[in-house]
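# Architecture at a glance
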Amino acid sequence: MSEILDAIVIGGGLVGSSAAWRLAARGRSVVQLEQFGPGHKHGASHGTSRIYRQAYDNHLYTGLAADALPLWRELETTTDIGFLELTGAVDHGLPQAVQSKAKILLEAGIKGEILTPAEASARWPGLRFDTTVLHHPDAGRLHADRAVTALKAGAVFAGAEIRHDVRVLALARASYGVDVVTDSGTLAARQVVIAAGAWTADLIADSGLGSEIVLPTLRTTQEQPAHFAPLDPGVEWPSFVHHTGAELETAGIYGLGSEDGIKIGEHATGPVVTPQTRDYTPGIDGEQRLVEYAESWLPGVDSTRVESLTCLYTSTPDSNFVIDRVGAVTVAAGFSGHGFKFGPALGELVADLVDGTTLAPEVFRLGER
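Below: a short report on this structure. Just so you know, the residues in each chain are numbered from 1, in the order the chain's sequence is written. Whole-chain, interface and lining totals are the exception, using all residues; otherwise, since this is a predicted model, local features are given only for residues with pLDDT of at least 70 and side-chain atom pairs are given and counted only at 80 or more. Note: side-chain values were computed over all heavy atoms of the structure, leaving out hydrogens and water.

## Regarding the layout of surface pockets
Any space left empty among the atoms is revealed by the rolling of a water-sized probe across them. Buriedness of a pocket was judged along seven lines, with at least five required to meet protein on both sides within 12 Å; pockets are open sets of points on a 1 Å grid over the protein atoms alone, cavities are sets where a 1.4 Å probe fits but cannot get out, and lining residues have an atom within 4 Å of a point. Grid points are joined across faces, edges and corners, and a volume is the space filled by probe spheres set on the points. In this model, the second largest pocket occupies a volume close to 250 Å³. The wall of the second largest pocket is formed by 20 residues, among which Gln222, Gln224, Gly270, Pro271 and Gly283 lie closest to the centre. Numbering of helices and strands runs from the N terminus; a helix is a DSSP stretch of H or I covering at least four residues, while a strand is a stretch of E covering at least two. Listed by contribution, the elements that provide at least two residues to the lining of the second largest pocket are β13 (219-223), β17 (261-266) and α7 (284-297). In terms of residue count, the dominant contributor to the lining of the second largest pocket is α7 (three residues). Split by residue class, the lining of the second largest pocket holds six nonpolar, nine polar and five charged. Charged residues are taken to be Asp, Glu, Lys and Arg, nonpolar residues to be Ala, Val, Leu, Ile, Met, Phe, Trp, Tyr, Cys and Pro, and polar residues to be all remaining types, Gly included.

Structure representation (structure tokens):
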């Protein structure tokens with residue numbers, strides 16, 4: 001019999017790496033398994049830019065985002081890898097959408113202010129603003145690739161072992177917990193964390209655990225944000241979300257500055273795919289919509305200089321995450337295109353579930369939605 005580990009984490013992206021770090025930091029013996037090599041582009045955690053913000057419509061997400069900030073900073077200090085820049089963030093557009101977030105920030109004691117479009121444009125001339133603007137300064141952007149690298153480094157520093165290019169074939173219940181069957185052998189653990197992104201549902205089904213672990217429907221789409229060249233590289237850019245329903249009648253838009261240019265994207269409008277059938281090719285229509293948006297709303301970019309890319313979303317029907325435990329298996333999936341900012345706070349929640357010291361928030365629990 002091989003060593004029985006405290007925990008095996010399946011998945012090497014944001015959430016799997018966050019869970020491995022936080023579990024190892026508690027002194028647990030941890031092995032993290034990733035089917036691809038380091039820095040791969042096949043999942044949802046790669047690239048140079050993700051939004052970090054605390055403005056949400058409910059206290060659960062706002063609280064998790066606030067909890068993540070000191071953990072992100074701790075990770076930067078521990079690993080000496082910088083990846084988080086607080087540039088501030090703005091929400092603008094439909095007043096009801098903006099005001100609801102301002103209310104939650106106020107109730108949570110988080111700084112925020114309402115601006116007019118003219119006031120906002122004077123601060124951030126690269127943007128044109130719609131109707132009502134919320135500015136929250138404790139927000140900004142994360143460099144995704146460096147953040148995941150730091151999470152893995154933090155996990156290793158805390159004692160975890162990371163194995164790349166190891167494909168998990170199935171899970172099997174055992175008297176001590178779970179056997180994890182891989183293409184290079186079988187590992188034993190008291191607890192397993194499945195953080196396999198778009199591969200989660202298939203792994204559970206292939207392992208015959210579907211009757212015990214009832215997932216909500218997980219919908220995987222290929223999204224296609226784009227980077228635009230700024231006209232003045234010296235102009236500051238906040239992270240931003242433009243809510244539809246006032247002057248904007250098309251899909252809502254998110255955006256932020258990055259080392260690759262000004263990134264914008266529609267939220268969850270891409271075609272349904274599987275990890276095996278995605279083609280990694282941006283669609284012409286989607287790129288054209290982003291060009292038209294840039295022409296109308298981003299006076300600070302050259303809308304003729306655009307570079308599109310693709311990424312995966314794995315979404316639940318209500319866009320709430322799945323983070324819950326059944327027996328010796330904890331599932332963390334369905335981050336619906338807005339999970340990155342929470343990384344280490346989600347790792348803490350997963351570690352609490354593995355340790356049995358908490359129950360999952362109701363909206364994160366397994367089951368149909």
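## Concerning the side chain of His338
Assignment of secondary structure puts His338 in the loop between β21 (329-333) and α8 (343-355). A residue is classified by how much of its surface remains accessible, and His338, at 15% relative accessible area, is buried. Residues adjacent in sequence count toward polar contacts only when both atoms are side-chain atoms; beyond that, a polar contact is any pair of N or O atoms within 3.5 Å, and within protein one must be able to donate a hydrogen and the other to accept it. At a separation of 3.0 Å, a polar atom in the side chain of His338 contacts the main-chain carbonyl oxygen of Ser319. Those residues in contact with His338, other than ones at most four positions away along the chain, are Tyr56, Tyr61, Ser319 and Phe321. For every residue, the accessible area obtained with a 1.4 Å probe (protein chains only) is divided by the maximum for its type, and the residue is called buried under 20%, exposed over 50%, and partly exposed between those limits. Contacts between residues were defined by any pair of non-hydrogen atoms, one from each residue, lying within 4.5 Å.

## Observations regarding the environment of Ala251
If you trace the backbone, Ala251 turns up in the loop between β15 (239-243) and β16 (253-258). It is 38 Å that separates the C-alpha atoms of Ala251 and His164, two residues lying 87 residues apart in sequence. For Ala251, the residues in contact, after removing those within four places along its chain, are Thr244, Glu266 and Thr269.

## Comments concerning unusual backbone geometry
Of note in the backbone geometry, Thr131 takes a positive phi value of approximately 70° without being a glycine. Within the secondary structure layout, Thr131 lies in the loop between α4 (117-123) and β7 (132-136). Residue Thr131 is classed as partly exposed on the basis of its relative accessible area of 36%.

## A look at the packing of aromatic side chains
Note on aromatic pairs: the rings of Phe, Tyr and Trp (six-membered ring only in Trp) are paired at centre separations within 6.5 Å, and the planes decide the class, stacked below 30 degrees, edge-to-face beyond 60, tilted for the rest. If you walk through the whole model with that rule in mind, you get 13 aromatic pairs. Taking the centre distance of 5.8 Å and the plane angle of 65° together, the rings of Phe36 and Trp199 count as edge-to-face. With Phe36 in the loop between β2 (30-33) and β3 (50-52) and Trp199 in the loop between β12 (185-194) and α6 (200-206), this pair connects stretches of sequence that are 163 residues apart. The rings of Tyr56, Tyr61, Phe321, Phe335, Phe342 and Phe364 are connected pair by pair, giving a single aromatic cluster. Definition used: whenever NZ (Lys) or CZ (Arg) falls within 6 Å of the ring centre and also within 35 degrees of the ring normal, the charge is taken to sit over that ring. The lysine or arginine in question, Arg22, covers the ring of Trp21, its NZ or CZ lying 4.3 Å from the ring centre. Cation over ring: Arg53 sits above Tyr56, and NZ or CZ is 4.5 Å from the ring centre.

## Regarding the side chain of Ser239
Mapped onto the secondary structure, Ser239 falls in strand β15. Look at Ser239 and you get buried, because its relative accessible area is 1%. The residues contacting Ser239, other than those within four sequence positions of it, are Ile51, Thr87, Gly88, Ala89, Val90, Gly140, Arg141, Gly255 and Leu256.

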